[in-house]
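Each chain, letter by letter, is given below.
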Amino acid sequence: MSMMKHLALVACLALSGAALGDESAAAALDGFHRAAANADTAAYFAAMTEDVVFLGTDGSERWQGSEFRDFAAANFNAGRGWTYVPIQRDITVSASGDIAWFDELLKNDTLGTCRGSGVLVKSAGGWRIAQYNLSVPIPNAMVEAVATDIAALESGAGSALPATAGTSSSVA
């Protein structure tokens, strides 16, 4: 086999492996969202690493490991899951094939368009979420007004804000 054919074959195999990594990583994220929507505690927790970090929409929301599991379990046990439907997703798998990072646009009935981003690690059982960051993208035309409202809330002058502003102590 000529050197060029050999290199082309190696490149094709590498690309197909990356595509398979993308597909299995996407399936892990889909399973994570499906488990949350169904309030399926076991499947939801299986989708995460033991020391997962979950960053919620409120700046104060940073849960790690058992702290996040306790939060999610309390909601799921009460029959309260949350539904985020992926509408677009980008996944990049590292050259080593054992780490991936992603971002995805999601639809939620309460919050509208959201963004999830994070890190997946590959274990013997497949891809697992090591970090998930849920955010609500703010259109540029609204950023200054929202930043002003947040500053007012944080300074204690937020009494003029609607009662629901800044109260995202749970995942919608």
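Everything below is about the structure printed above this text.
Residues numbered from 1 in each chain as written. Predicted model: local features only at pLDDT ≥ 70, side-chain atom pairs only at ≥ 80, totals over all residues. Heavy atoms only, no water.

Observations regarding the side chain of T49
(1) Moving on: Inspection of the secondary structure assignment puts T49 in strand 1 (residues 48-55).
(2) Moving on: Within polar-contact distance, the side chain of T49 engages the side chain of D51 at 3.1 Å.
(3) Moving on: Residues within four places of T49 in sequence aside, it is in contact with R69, V121, R128, I129 and A130. (Helix = DSSP H or I, 4+ residues; strand = E, 2+ residues; numbered from the N terminus. Polar contact = N/O pair within 3.5 Å; in protein donor to acceptor, adjacent residues only side chain to side chain. Contact = heavy atoms within 4.5 Å.)

Remarks on the environment of T57
(1) Moving on: In this structure, T57 sits in the loop between strand 1 and strand 2 (62-64).
(2) Moving on: Relative accessible area serves as the criterion here: at 32%, T57 is assigned to the partly exposed category.
(3) Moving on: Along the chain, T57 and C114 lie 57 residues apart, while their C-alpha atoms are 9.3 Å from each other. (Buried < 20%, exposed > 50% of the residue type's maximum accessible area, 1.4 Å probe, protein only.)

Some points on empty space enclosed by the protein
(1) Moving on: Inspection of every chain in the model, using the stated rule, returns one cavity of 30 Å³ or more.
(2) Moving on: Contributing to the lining of the largest cavity are 10 residues, with F32, F54, W82, Y84 and Y132 lying nearest its centre.
(3) Moving on: Sorting the residues of the lining of the largest cavity by element identifies helix 1 (3-37) and strand 6 (126-135) as the ones contributing at least two each.
(4) Moving on: Here the element with the most residues in the lining of the largest cavity is helix 1; it accounts for three residues. (1 Å grid on protein atoms, 1.4 Å probe; cavity = no way out; pocket = protein on both sides within 12 Å on 5 of 7 lines; lining within 4 Å. Points joined across faces, edges and corners; volume = space filled by probe spheres on them.)

Some points on the environment of G97
(1) Moving on: Looking at where G97 falls in the secondary structure, it is placed in the loop between strand 3 (85-93) and strand 4 (99-108).
(2) Moving on: Spatially, the C-alpha atoms of G97 and D22 are 9.8 Å apart, while their sequence positions differ by 75 residues.
(3) Moving on: Beyond its immediate stretch of four places on either side in the chain, G97 contacts K122 and W127.

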